[in-house]
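Each chain, letter by letter, is given below.
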Amino acid sequence: MRSVHPWPSKQEDQDHMKRRAKALELADASGLMPPSPLLSADESKAYTRELHTVNVAMWANLTICVAKMVTYTISGSNAMLAEAVHSLGDVLNQAFLRTGIMKSHRAPTALHPYGYHRDKFIWSLIAAVGIFCIGAGVNIVQGLNALFAEKQLDFLRANLAVLGVSGIVEGYSLWVAVRSVNQGAQAAGLTFREFVKRGMDPTSIAVMMEDAAAVAGLFLAGISTWLAHSTGQSFYDAIGTISVGALLGLTALFLVQKNRQLLLGRAMNQKDTDKVLKYLAEDPVIRAVYDHKSEEIGPGIYRFKAEIDFSGEAIVSRHMDRLGREQLYEQVDTALTFGDAKYKNLNLILKAYGKDMMGALGAEIDRIETGIQKLVPGIRHIDLEADRGRHRPNESGAQVYSQVYLTASSGNSTSTIPSGAY
């Protein structure tokens, strides 16, 4: 009996996996591990967009930092020093973000078979902590010290000129970041707010938040510098410094919380989850889905697992349609005509048919996985586990009502929906 699918033997499969693991280990140990291949044009665009956003922000803040430090040296403005420290912190943070982009695209290894996508979350978290410590912490301490130190401020025009130029440069960097986030939201089919809320692109969002805080900080620094010069009270300069630090602290806390959620491994959004469950419920070889889980392993990249009650009758019927029912019937009839050898021949036929059925089940799982990935391209890894009947009641003539369990998007409740209800 011919098999529907030419499957490799168990030994061949094991040898292949060993060779692959060895090659990955050698490449990783030698430092020659290539970057992970970009699987689509959209991913290539996203990668280029993220790098461009970070590079623009890095060079903009480096230029601004130098200008602010020179102005602080001349004028002695604490608000200007706070802004210089702010810009220096932004440069370092954007260097962290760039490192995260590069590291997250490394190819999978034997030690990390799902890849390094979460590296982007780690470096984004480091950048957020950097904003909090360098930006917020230093500025608030500097501002508190300035409250108790009377200091004559000079060179108002130079201060305001540097702040104005910095505002233009930071504004351009913010525009680039906002455009990048907006393009990412459109590619993901989400609104701008939903995209930011879910943290789909932590790198561009971090740059956007930093630049927005920078523009607002420049505005506060400008007002406080002008008030300090107009009134002759350095108190206003100190208040401006503290305000910039508080603004950076709130920005850092927002980014820390978002990256914490991503590192913990969030579930796929409910809209895409419902799409997959509906697809599974309507598949002809699936009776029920008793359990499903998903985890975000990278920005918009997911791993999906489901426990499936496959319909053996449907799989056999589809397999026999592909194979040809008459061929099987003829083989069985022929085996039964051999007298004493009929049971031996029938046993061989059943064993061969059982082997074919394993291939048929594998082919059905491959088909289902391909359909899921077409439906939700962000799902990279799919694990479909065959339920062994422990969730099903005894089928002694009783009708089985298949059900698909959908976990509500909020709370701990679980709703039960009949598979034919879609």
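Here is what the cut-offs are and how they apply
- Residues numbered from 1 in each chain as written.
- Predicted model: local features only at pLDDT ≥ 70, side-chain atom pairs only at ≥ 80, totals over all residues.
- Heavy atoms only, no water.
- Helix = DSSP H or I, 4+ residues; strand = E, 2+ residues; numbered from the N terminus.
- Areas by Shrake-Rupley, 256 points an atom, 1.4 Å probe, with all protein chains shown as cover.
- Axes fitted to C-alpha atoms, helices over the stretch in contact; angles between N-to-C directions.
- Parallel < 35°, antiparallel > 145°, perpendicular 65-115°, else oblique.
- pLDDT = per-residue confidence, 0-100.
- Contact = heavy atoms within 4.5 Å.
- Salt bridge = Lys/Arg side-chain N within 4 Å of Asp/Glu carboxyl O.
- Buried < 20%, exposed > 50% of the residue type's maximum accessible area, 1.4 Å probe, protein only.
- UniProt positions renumbered as here; feature names shortened; annotations may be inferred.
- Core = buried A, V, L, I, M, F, W, Y, C linked by side-chain atoms within 4.5 Å.
- Phe/Tyr/Trp six-rings, centres within 6.5 Å; stacked < 30°, edge-to-face > 60°.
- Lys NZ or Arg CZ within 6 Å of the ring centre and 35° of its normal.

Draft legend 1. Representation of the overall build of the protein within the structure. A tally of regular secondary structure across the protein gives twelve helices and five strands. Approximately 22100 Å² of the protein is accessible, and the part contributed by carbon and sulfur atoms is 61%.

Draft legend 2. Quick look at the packing of helix α7 (residues 202-231) against helix α8 (residues 235-264). Put simply, α7 and α8 touch, their axes get as near as 7 Å, and they point 170 degrees apart. Our classification of the angle between α7 and α8 gives roughly antiparallel.

Draft legend 3. Representation of the confidence of the model for the protein. Chain-level statistics for the protein give a pLDDT mean of 74 and a share of 76% at 70 or above. Taken element by element, the predicted model of the protein shows its lowest mean pLDDT in strand β5 (residues 414-418) (33) and its highest in helix α9 (residues 270-282) (90). Contacts from residues 1-8, a stretch scored under 50 in pLDDT, to residues over four places away or in other chains number 19 contacts.

Draft legend 4. Examining the pattern of salt bridges more closely. Following the criterion strictly, the structure yields 13 salt bridges and no others. Here Glu282 makes a salt bridge to Lys278, at a shortest N to O gap of 2.9 Å. Taken together, the residues span about one helical turn, with Glu282 and Lys278 both in helix α9 at a distance of four residues. In this structure Glu282 comes out as partly exposed when scored by relative accessible area, which is 48%. Using a relative accessible area of 36% as the deciding quantity, one classes Lys278 as partly exposed. Because the salt bridges share partners, they merge into one network encompassing Asp283, Arg318, Glu364 and Arg367.

Draft legend 5. The UniProt feature "transmembrane region" (unreviewed entry) in the protein, seen in detail. Within this numbering scheme, the UniProt entry marks residues 121-140, 160-178, 205-228 and 234-256 as carrying the feature "transmembrane region" (unreviewed entry). For residues 234-256, the helix share is 96%, the strand share is 0%, and the end-to-end C-alpha distance is 33 Å.

Draft legend 6. Representation of the nonpolar core. Among the nonpolar cores identified, the biggest contains 55 residues, and Leu280 and Ile379 are the most heavily contacted of them. At seven residues, helix α12 (residues 342-375) tops the list of elements feeding residues into this core. Beyond its immediate sequence surroundings of up to four residues, Leu280 is in contact with Ile286, Val289, Phe304, Ile308, Ile368 and Ile372.

Draft legend 7. Fine view of the packing of aromatic side chains. The tally for this structure, following the rule as stated, stands at two aromatic pairs. Ring geometry for Phe96 and Trp123: centres 6.0 Å apart, planes at 35 degrees, overall tilted. In this pair, Phe96 is assigned in helix α3 (residues 78-104) and Trp123 in helix α4 (residues 119-147), connecting sequence segments 27 residues apart. The ring of Tyr116 carries the charged tip of Arg106 above its face, separated from the ring centre by 3.8 Å. The ring of Tyr114 carries the charged tip of Arg303 above its face, separated from the ring centre by 4.3 Å.

Draft legend 8. A look at the environment of Val376. With respect to the secondary-structure elements, Val376 resides in the loop between α12 and β3 (379-386). Counting along the chain gives 100 residues from Val376 to Val276, while the straight-line C-alpha distance between them is 7.7 Å. The contacts of Val376, once residues within four sequence positions are left out, are Met268, Asp272 and Val276.

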